[in-house]
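Spelled out, the chains give:
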Amino acid sequence: MKFPESFLFGAASASYQVEGAWDEDGKGVSNWDVFSKIEGKTYQGTNGDVAVDHYHRYKEDIALMAEMGLDSYRFSISWPRIYPNGDGEVNPKGIEFYNNLIDECIKHDIIPFVTLYHWDLPQELEKNGGWTSQRTLKAFEQYADTCFAAFGDRVKHWITFNETVVFVRHGYIFGAHPPGLINDFKNYYQVLHNVFLTHAKVVLNFKNSGYKGDIGITHVFSPAFPADDKQSSKKAADHANMFDTFLYYDPILKGTYPEYVLTHLKQKGYDFELSHEDQEILLKAAPLNDFIGINYYQPMRVIANDSSAARELSREASTGGAGAVSYDGVYQTVKVPTLSYTKWGWEISPEALLDGLHLLKEQYGNIPIYITENGLGDEDPIIDGEIKDTARIEYIEEHLKFVKKGVSEGLDIQGYFAWSVIDLLSWLNGYKKQYGFIYVDHADHLNRKKKDSFYWYQNVIATRGENI
Ligand SMILES: C[C@@]1(C(=O)O)OC[C@H]2O[C@@H](O)[C@H](O)[C@@H](O)[C@H]2O1
């Protein structure tokens, strides 16, 4: 069986991680331009000043994507390229760059799939309260509408926010992302609501303005399962699903927050302002989402955190490996000896993706889904000058098998975007953690080289996954 003709085989990137040109052509300073230069915040002090120079080499990169046969390229727009100060004057050179990038995709029959926010906030807004500030929320609505108006004639797929849980939890609880706050639980939950409310307003504007195309949001998807058959572990998994999945998906797809969460927050004094007007906006926007984007890397295997151990707060501890205490201290993830893991301690479990997708269907109905990220972070072996990333081929093949099974079981999965199209900067892991089909030689002028997985994915696309 082949994947449906309409199914999109894609691959993804993000502006700060690929573009470089951090201060060129009128681009404003982003929060990551500043944060990445704070001592100790990133691995070996790596940053996106140059990244892999996609800003200057996008034509070469898109030609390689076309050679691979990609149906679609998911990339993000750097907000400070469009609005150097977050709001105020538009930077025409920023509009020009993304017009050129989009036109290059169209020239090669590659569908542009655009993320508006993949974590690079204009520093002017970050230093004035970031996502806690009404100025930022209003500025994002303006920025989104500017992008719809400028690019909406060619871009028909829009993602508002990438992985809200990552930029908010790392920014306000772990201190591993800007603004680098630690255990600011009150603002953590308020900012979550601010982002979801802003998403809802942008969806309503998109639809009411008559822009063509579809719009959604991309969330992390890490379904939690009890690590053993103890009742306490089952309870811990239910709690994890409430605070790591339903807290994110409910306000988007139902327009309401899980009562279990609201009750907990009230007890803790972390309840956020949720006006009647806000509630109305969430409810109105919910049915207008055209899809949900899902970034799946691993499930969580959890037990109760009865040792009341505190979470280790460090960059390495924030890179997502199993075996950590949860941000709220209620549960902890465990590594199960019989399961397999990546070099960064991420469980490799394609079957849990499918199990989790059925969980979502039970909660939200058969919603249109794009797998907007899935991939293997690895240190790829180079043998006789060739990048032999066999492990990545196996990883993606196994996950595509379960995506295909899901499609055959009637799940409305409309596409799969591998993370990442090209080796790029990992926020906290520098360049050592590779995800791409295309290798970038940092020892040789960032020259590109096709990996084994490039040719493998090329064949998968050409045969519409018939042999998966
Ligand atoms: C933490 C990490 C990683 O570096 O492995 O997870 C996988 C992938 O998720 C994406 O949303 C991030 O933009 C990208 O940088 C990657 O980030």
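Basis of the calculations
Residues numbered from 1 in each chain as written. Predicted model: local features only at pLDDT ≥ 70, side-chain atom pairs only at ≥ 80, totals over all residues. Heavy atoms only, no water. Near = heavy atom within 4 Å. Polar contact = N/O pair within 3.5 Å; in protein donor to acceptor, adjacent residues only side chain to side chain. Areas by Shrake-Rupley, 256 points an atom, 1.4 Å probe, with all protein chains shown as cover. Helix = DSSP H or I, 4+ residues; strand = E, 2+ residues; numbered from the N terminus. Buried < 20%, exposed > 50% of the residue type's maximum accessible area, 1.4 Å probe, protein only. Contact = heavy atoms within 4.5 Å. UniProt positions renumbered as here; feature names shortened; annotations may be inferred. Pairing = 2+ DSSP bridges. Axes fitted to C-alpha atoms, helices over the stretch in contact; angles between N-to-C directions. pLDDT = per-residue confidence, 0-100. Parallel < 35°, antiparallel > 145°, perpendicular 65-115°, else oblique. Left-handed = near helix turned anticlockwise from the far one by under 90°. Nonpolar A, V, L, I, M, F, W, Y, C, P; charged D, E, K, R; others polar. Phe/Tyr/Trp six-rings, centres within 6.5 Å; stacked < 30°, edge-to-face > 60°. Expected span 1.5 Å × (residues − 1).

Glancing now at the site of the ligand. Among the 14 residues in the neighbourhood of the ligand, the closest are listed as Gln-17, His-118, Ser-426, Lys-433 and Tyr-435. Within the side chain of Lys-433, an N or O atom sits 2.6 Å from an oxygen atom of the ligand. Interatomic distance of 2.6 Å between a side-chain N/O atom of Tyr-435 and an oxygen atom of the ligand. When the ligand is considered free in solution it has 370 Å² of accessible area, and contact with the protein chains removes 90% of it.

Looking at the element boundaries, Gly-320 is found in the loop between β8 (300-304) and β9 (331-333). For Gly-320, a relative accessible area of 34% puts it in the partly exposed group. C-alpha of Gly-320 to C-alpha of Leu-354: the two residues are 34 residues apart in sequence and 21 Å apart in space. In contact with Gly-320, not counting residues within four places along its chain, are Gln-298 and Trp-346.

Take the UniProt feature "active site" (unreviewed entry) in the chain next. Mapped onto the present numbering, the UniProt feature "active site" (unreviewed entry) falls on Glu-373. For Glu-373, the position within the fold is in strand β10 (residues 369-373). Here Glu-373 falls in the buried class, since its relative accessible area comes to 3%. Apart from the residues within four sequence positions on either side, Glu-373 is in contact with Arg-74, His-118, Asn-162, Glu-163, Ile-294, Asn-295, Tyr-296, Tyr-297, Phe-417 and Trp-419.

To summarise the sheet geometry, strands pair through backbone hydrogen bonds and adopt either a parallel or an antiparallel arrangement. Taken in spatial order, the three strands make up an open sheet running β6-β8-β9, and their pairing is mixed. Bordering the open sheet on either side are β6 (224-226) and β9, each of which pairs with just one other strand. Across the sheet, the axes of successive neighbouring strands diverge by a mean angle of 45 degrees, strand direction being ignored. Both β8 and β9 contribute to a ladder of three bridges, which runs antiparallel. Residue pairing in the sheet places Ala-304 in a bridge with Tyr-331 of β9. Contacts from helix α10 (residues 231-253) reach β6, β8 and β9, with the element oriented near 120 degrees to β8.

Looking at the chain as a whole, the pLDDT averages 96, with 99% of positions reaching at least 70. Here the predicted complex scores 0.97 on pTM and 0.95 on ipTM.

Two quantities define a packed helix pair, namely the angle between the helix axes and the distance between the axes. At a minimum axis distance of 11 Å, the contact between helix α8 (residues 164-172) and α10 shows a crossing angle of 120 degrees. Taken as axis vectors, α8 and α10 run oblique relative to one another. Relative to α10, α8 is oriented so that their crossing is right-handed. Contacts between α8 and α10 involve Thr-164, Val-165 and Arg-169 from the first element and Phe-243, Asp-244 and Tyr-248 from the second. The class makeup of the residues in the contact of α8 with α10 is three nonpolar, one polar and two charged.

Under the criterion given, the structure shown has 52 aromatic pairs. Ring geometry for Tyr-16 and Trp-427: centres 5.6 Å apart, planes at 15 degrees, overall stacked. Separated by 411 residues along the polypeptide, Tyr-16 in helix α1 (residues 15-18) and Trp-427 in the loop between β13 (413-419) and β14 (438-441) bring together distant segments of the chain. Like Trp-427, Tyr-16 is buried. Between Tyr-297 and Tyr-435 the ring centres are 6.2 Å apart and the planes differ by 75 degrees, which places this aromatic pair in the edge-to-face class. Of the two residues, Tyr-297 sits in the loop between β7 (291-295) and β8 while Tyr-435 sits in the loop between β13 and β14, which places them 138 residues apart along the sequence. Considered together, Tyr-297 and Tyr-435 belong to a single accessibility category, that of buried residues.

What follows concerns the sheet that holds β10. Strand order in this closed barrel of eight strands is β1-β2-β3-β4-β5-β7-β10-β13, and the pairing throughout is parallel. Here the average twist between neighbouring strands, direction ignored, is 25 degrees. Of the strand pairs in this sheet, strand β3 (residues 111-117) and strand β4 (residues 157-162) are connected by three bridges, and their pairing is parallel. From the neighbouring strand, Thr-115 faces β4, where its bridge partner is Ile-159. Across the sheet, helix α7 (residues 134-151) lies against β3, β4 and β5 (214-220), angled at about 165 degrees from β3, the strand it touches most.

Attention now moves to unusual backbone geometry. With the exception of glycine, most residues fall at negative phi, and the peptide bonds are largely trans. Looking along the chain, the bond that leaves Pro-178 and enters Pro-179 is cis, with omega of 5 degrees. Topologically, Pro-179 is positioned in the loop between α8 and α9 (185-208). Omega for the peptide link from Trp-419 to Ser-420 comes to 10 degrees, which places this bond in the cis form. Of note, Ser-420 is situated in the loop between β13 and β14.

This brings us to helix α14 (residues 390-408). Taking 1.5 Å as the rise per residue, α14 with 19 residues should run 27 Å; its terminal C-alpha atoms sit 27 Å apart, in good agreement. Buried residues belonging to α14 abut β1 (8-12), α13 (350-364), β10, β13 and α15 (452-462). Of the residues one or two after α14, Gly-410 is the one with positive phi, at around 95 degrees.

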